[in-house]
Amino acid sequence: MRIAQIIGTVTLSRLHPSLKGGRLKLAVRLSRSDLTGQTEPGHDPVVVWDDLGVGMGDRIALAQGPEAAQPFRPELKPVDAYNAAILDRIDLDE
């Protein structure tokens, strides 16, 4: 699980039927130095399946890879990244 920030929305002309009920968002993963304001996010953006209603600029808990499809079992969804939670606050110990 990683922390990411939503930077955009993905619009499709056709949607795979199993993806109904959610939206595709564009997010960038955040490192510890990104979270503390020492650096700007430098990772490549990733397309995230969201069914929680995340907004622009929100920070999320991001599941990627095989773990991203686990919440939907036994149904199969063609997702590589999934929004597991919307983060209201992040506390970092120095």
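Everything quoted here is computed from the prediction, not taken from an experiment.

Undergrad: Lay out the overall build of the protein chain in plain terms, naming residues and giving numbers.
TA: In terms of helices and strands, the protein chain carries one helix and five strands. In sequence order, the protein chain lays out its α and β elements as β-β-α-β-β-β. Computed over C-alpha atoms, the radius of gyration of the protein chain comes to 14 Å, within 12% of the 12 Å expected from 2.2 N^0.38 for 94 residues, which places it in the range of a compact globule. The dimensions of the protein chain, computed from C-alpha atoms along their principal axes, are 45 × 25 × 20 Å. The buried share of the protein chain, reckoned over its 94 residues, is 30%. Within the protein chain, counting contacts between residues at least 6 apart in sequence, those at least 24 apart form 59% of the total. Surface summary for the protein chain: the accessible area is close to 6,200 Å², and the carbon and sulfur share equals 48%. Side chains of the protein chain carry 11 positive and 13 negative charges; the gap between the two charge centres is 8 Å.

Undergrad: Break down the side chain of D34 for me, with residues and values.
TA: With respect to the helices and strands, D34 occurs in helix α1 (residues 32–35). This buried residue, D34, is left without a salt bridge; R29 holds the nearest opposite charge, at 8.6 Å. Of the polar contacts made by the side chain of D34, one reaches the side chain of T39; its length is 2.6 Å. In this view, D34 contacts R29, T39, E40, P41, G42 and H43; residues no more than four positions away in its chain are not counted.

Undergrad: An account of the packing of aromatic side chains is requested, with residue identities and associated values reported.
TA: Under the criterion given, the structure shown has one aromatic pair. Measuring from ring centre to ring centre gives 6.3 Å for W49 and Y82, while their planes differ by 20 degrees; the resulting arrangement is stacked. Linking W49 in strand β3 (residues 46–50) with Y82 in strand β5 (residues 81–87), this pair joins segments that are 33 residues apart in sequence. The class for Y82 is buried, based on a relative accessible area of 11%.

Undergrad: Help me get a handle on the nonpolar core, residues and values and all.
TA: A4, I6, A27, V46, V48, V54, I60, L62 and A81 form the largest nonpolar core, which has nine residues in total. In this view, V48 contacts R23, L24, K25, A27, I60, L62, A81, Y82 and N83; residues no more than four positions away in its chain are not counted. Within the second largest apolar cluster, six residues are counted, among which are W49, A68, V79 and Y82.

Undergrad: Account for the pairing of strand β4 (residues 59–64), naming residues and giving values.
TA: Here strand β1 (residues 2–9) pairs with β4 via four bridges, running antiparallel. Residue pairing across strands places A4 opposite I60, the latter belonging to β4. Bridge count for β4 against β5 is six bridges, and the pairing is antiparallel. Within β5, the residue paired with A63 across the bridge is Y82.

Conventions adopted
- Residues numbered from 1 in each chain as written.
- Predicted model: local features only at pLDDT ≥ 70, side-chain atom pairs only at ≥ 80, totals over all residues.
- Heavy atoms only, no water.
- Helix = DSSP H or I, 4+ residues; strand = E, 2+ residues; numbered from the N terminus.
- Rg over C-alpha atoms; globule rule 2.2 N^0.38 Å.
- Buried < 20%, exposed > 50% of the residue type's maximum accessible area, 1.4 Å probe, protein only.
- Contact = heavy atoms within 4.5 Å.
- Areas by Shrake-Rupley, 256 points an atom, 1.4 Å probe, with all protein chains shown as cover.
- Lys, Arg positive; Asp, Glu negative; His and termini not counted.
- Charge placed at Lys NZ, Arg CZ, Asp CG, Glu CD.
- Salt bridge = Lys/Arg side-chain N within 4 Å of Asp/Glu carboxyl O.
- Polar contact = N/O pair within 3.5 Å; in protein donor to acceptor, adjacent residues only side chain to side chain.
- Phe/Tyr/Trp six-rings, centres within 6.5 Å; stacked < 30°, edge-to-face > 60°.
- Core = buried A, V, L, I, M, F, W, Y, C linked by side-chain atoms within 4.5 Å.
- Pairing = 2+ DSSP bridges.

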